[in-house]
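Per-entry structural report
So the chains spell out like this:
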Amino acid sequence: MNVLDVLIIGAGQAGLAAAYYCKQRDLTFLILDGSKRIGDSWRNRYDSLVLFTQRNRDALPGLPFPGDQRGYPSKNEVAAYLKEYASHFSFPLQLETNVLKLEKRGGIFIVTTDRGEFHASAVIVATGAFQKPYIPIVKRARSAVSEIHSSQYKNPSQITPGNVLVVGSGNSAAQIAVELSSTRAVTLSLNKKVRFISNARLENRLTLLQKLGMLHAPRDSWLGKLMQRFSRNLIVGLELKNLIKTDRIVVRPEVKSVDHSKVIFKDHTTIHVACIIWATGFTPNMNWIAIDGATDSHNAPRHTSGISPVSGLYYIGQRWQRSVASELICGVGADADLIVRTLDKQLRRSN
Ligand SMILES: Cc1cc2nc3c(=O)[nH]c(=O)nc-3n(C[C@H](O)[C@H](O)[C@H](O)COP(=O)(O)OP(=O)(O)OC[C@H]3O[C@@H](n4cnc5c(N)ncnc54)[C@H](O)[C@@H]3O)c2cc1C
């Protein structure tokens, strides 16, 4: 039986950053990913997606992000950069391999995939924080509108002609609502109060926070708690704010129910729509991990700074894994360094 030091599940930015540090430490490893090409999780997002982080914040350790460092890359540029990153460092990887089950027996991890079984002394789960599309349960009677989750949204041509309702208080909801508002009437359902920050102001804040060491402040420290408050309900870009001000986008509260084409909101107001886009986020989906203590009752990973209570098991790329930067490209390198250092020490101790 060929037992590797490490199996990395997921070849997105988090898995690749982990691979970089595994290679630096001469560990034997393999990255497994279900997609056809590196970068597909970015490619599959909506067509007009432009990052809110400048190119100088979009590099992984050891390879600069090409292009104007003060500009904002498209999602396809990020996908191309990740593909280049993997080939630049010649990482061992196997694509089109879906991991179906993770078990641990006799101190060895067994990874069952649709292309056979793999074994390793340690496993890094890098399957992304945005896993299972979440749509809230609302009362429905004979819904006659077309409905999609934001993860299925590509561009306006895909959306049924007529009024559209975008539901969600995050950046995806904001960007989709703005994009659709140039061709149709858009209503945005917000279930919380949002704050707006311009791209330039965000960049200045990020620079300042980095200088003060706050960008990587641990989530449970007082600085980390301050960062959680600062980053909550923040919409990047002022387009939505301006469109709301000029009544080009109408804001309504939470959706209470849908009846045929009529949507009823919490404040009892109603509208008729042709389509609803649920930009309501994602839930974790780690039900393929069959190891006691690895996940909680919501199928979310149990960990401290990415280190699982299960010896040899690590997570990377989780929201607020260690700090506000953990889910961003600019933060994943530091987290990967920490978990691979810990993993390496653990492997050396047990050898
Ligand atoms: C709309 C949107 C905009 C964003 N904009 C920014 C931004 O501007 N700047 C920024 O820094 N961050 C941004 N982010 C956040 C973050 O950078 C991305 O979500 C990024 O894709 C996370 O990378 P990841 O490697 O953790 O996960 P992913 O990119 O999701 O990669 C996970 C990989 O795991 C694979 N996988 C999953 N399950 C399995 C399995 N069972 N078997 C095998 N393979 C599997 C997938 O195929 C995928 O390749 C944005 C996120 C979203 C959703």
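Note: the structure precedes this text.
A brief look at the structure comes next. (Residues numbered from 1 in each chain as written. Predicted model: local features only at pLDDT ≥ 70, side-chain atom pairs only at ≥ 80, totals over all residues. Heavy atoms only, no water.)

Notes on unusual backbone geometry
Located in the positive-phi region is aspartate 26, a residue other than glycine, with phi close to 55 degrees. Its place among the elements puts aspartate 26 in the loop between helix H1 (13-24) and strand E2 (29-32). Even without glycine at this site, histidine 260 takes up a positive phi of about 60 degrees. Assignment of secondary structure puts histidine 260 in the loop between strand E15 (255-259) and strand E16 (262-265). Owing to a relative accessible area of 40%, histidine 260 belongs among the partly exposed residues under this scheme. (Helix = DSSP H or I, 4+ residues; strand = E, 2+ residues; numbered from the N terminus. Buried < 20%, exposed > 50% of the residue type's maximum accessible area, 1.4 Å probe, protein only.)

Topic: the environment of glycine 333
Here glycine 333 is to be found in helix H8 (residues 329-350). Given the relative accessible area of 7%, glycine 333 is considered buried. Not counting chain neighbours up to four residues away, the residues in contact with glycine 333 comprise Ala17, Tyr21 and Pro61. (Contact = heavy atoms within 4.5 Å.)

Examining the layout of surface pockets
Here the second largest pocket defines a volume of roughly 320 Å³. Every residue lining the second largest pocket is counted, 16 residues in all, and those nearest its centre are Val50, Gln175, Val178, Val236 and Glu239. Taken together, the elements giving at least two residues each to the lining of the second largest pocket come down to helix H4 (171-180), strand E13 (234-236) and helix H7 (239-245). Broken down by element, the residue count for the lining of the second largest pocket peaks at four residues, all from H4. Class assignment of the residues belonging to the lining of the second largest pocket gives a composition of ten nonpolar, four polar and two charged. (1 Å grid on protein atoms, 1.4 Å probe; cavity = no way out; pocket = protein on both sides within 12 Å on 5 of 7 lines; lining within 4 Å. Points joined across faces, edges and corners; volume = space filled by probe spheres on them. Nonpolar A, V, L, I, M, F, W, Y, C, P; charged D, E, K, R; others polar.)

Here we look at the pairing of strand E10 (residues 164-167)
The alternating pattern of E10 places Val164 and Val166 and Leu165 and Val167 on opposite faces, both of which are buried. Relative to strand E11 (residues 186-189), E10 runs parallel, the two being bridged by four bridges. The residue of E11 that forms the bridge with leucine 165 is threonine 187. (Pairing = 2+ DSSP bridges.)

Description of the side chain of threonine 97
As for its placement among the helices and strands, threonine 97 is situated in the loop between strand E3 (93-94) and strand E4 (99-105). Its relative accessible area of 0% is what places threonine 97 among the buried residues. Engagement of the side chain of threonine 97 in a polar contact is seen with the backbone oxygen of leucine 95, the distance being 2.9 Å. Other than its neighbours up to four places away in sequence, threonine 97 contacts Leu32, Asp33, Gly34, Thr113, Asp114, Arg115 and Phe118. (Polar contact = N/O pair within 3.5 Å; in protein donor to acceptor, adjacent residues only side chain to side chain.)

Points about the nonpolar core
Counting 63 residues, the largest nonpolar core has Ile8, Leu16, Phe91 and Ile124 as the members making the most contacts within it. Broken down by element, this core gets its largest block of residues, eight residues, from H1. In contact with isoleucine 124, not counting residues within four places along its chain, are Val6, Leu7, Ile8, Ile9, Ala18, Cys22, Tyr314, Ile316, Ile339, Val340 and Leu343. Among the nonpolar cores identified, the runner-up in size contains 21 residues, and Leu30, Val125, Met286 and Ala294 belong to it. (Core = buried A, V, L, I, M, F, W, Y, C linked by side-chain atoms within 4.5 Å.)

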